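Residue-level structural notes
Listed below, chain by chain, are the residues.
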Amino acid sequence: VELVHDVRQVPWSHKRGFSRSSLSLALSVAGIGYVHVGELGCPQSIRKAFKVEADWGAYVRRYRQHLASQADAIERIQEVLKHRRSCLLCFEADAYRCHRSLIAEALCNRTNGGVDVVHLVIPQKVAQSVSPLLQT
């Protein structure tokens, strides 16, 4: 990975080392670039609705609507991907239950599959997170 695209709306975290300044510094020390792409963060209204409804399908539909209005941000990432191996970063550990998977999907759609997507996951969490999705 050469560049991290932080797709959190607000790049702040209670988890030590994951707020914008400390994260970008640590990445820089490792020779990795950092850019915050806040417009691709999930809007608070969508996050609040998901907390109340717990309806992943509704979350996906709402976020895809939001994403449709963010073509410039997607295009910027698409251009970067032509030259640099990049990573999308968010708070959610499970890529399959995170808006970054929808961003990756949008990038794949715009490039007609010309983007290779690899979800970086902790192996033991994969089985736990994917299994419920297969049942829905």
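Here the structure is a predicted model, which means the values were calculated and not measured.

1. Quick word on the packing of aromatic side chains
This model, assessed by the stated rule, comprises 3 aromatic pairs. A ring pair is formed by Phe50 and Trp56, whose centres lie 6.0 Å apart and whose planes are at 80°; its orientation type is edge-to-face. With a relative accessible area of 17%, Trp56 lands in the buried category. Aromatic rings pair up to connect Phe50, Trp56 and Tyr59 into one cluster.

2. A word on the pattern of salt bridges
Under the criterion given, the structure shown has 6 salt bridges. In this structure, Glu75 engages Arg110 in a salt bridge whose closest nitrogen and oxygen atoms are separated by 3.6 Å. Note that Glu75 is positioned in helix 4 (residues 71-81) and Arg110 in helix 5 (residues 99-110), a separation of 35 residues in sequence. Residue Glu79 pairs with Lys82 through a salt bridge whose shortest N-O separation is 2.8 Å. Judged by its relative accessible area of 55%, Lys82 is exposed.

3. Focus on the packing of helix 4 against helix 5
Geometrically, a packed helix pair is captured by the angle between its two axes and the distance between the axes. Where helix 4 meets helix 5, the closest approach of the two axes is 10 Å, and the angle between their N-to-C directions is 70°. By the angle class used here, helix 4 and helix 5 are roughly perpendicular. On helix 5, the residues touching Ala71, Ile74, Glu75, Ile77, Gln78 and Leu81 of helix 4 are Ile103, Ala106, Leu107 and Arg110. For the contact of helix 4 with helix 5, the residue count by class is 7 nonpolar, 1 polar and 2 charged.

What counts, and where the lines are drawn
- Residues numbered from 1 in each chain as written.
- Predicted model: local features only at pLDDT ≥ 70, side-chain atom pairs only at ≥ 80, totals over all residues.
- Heavy atoms only, no water.
- Phe/Tyr/Trp six-rings, centres within 6.5 Å; stacked < 30°, edge-to-face > 60°.
- Buried < 20%, exposed > 50% of the residue type's maximum accessible area, 1.4 Å probe, protein only.
- Salt bridge = Lys/Arg side-chain N within 4 Å of Asp/Glu carboxyl O.
- Helix = DSSP H or I, 4+ residues; strand = E, 2+ residues; numbered from the N terminus.
- Axes fitted to C-alpha atoms, helices over the stretch in contact; angles between N-to-C directions.
- Parallel < 35°, antiparallel > 145°, perpendicular 65-115°, else oblique.
- Contact = heavy atoms within 4.5 Å.
- Nonpolar A, V, L, I, M, F, W, Y, C, P; charged D, E, K, R; others polar.

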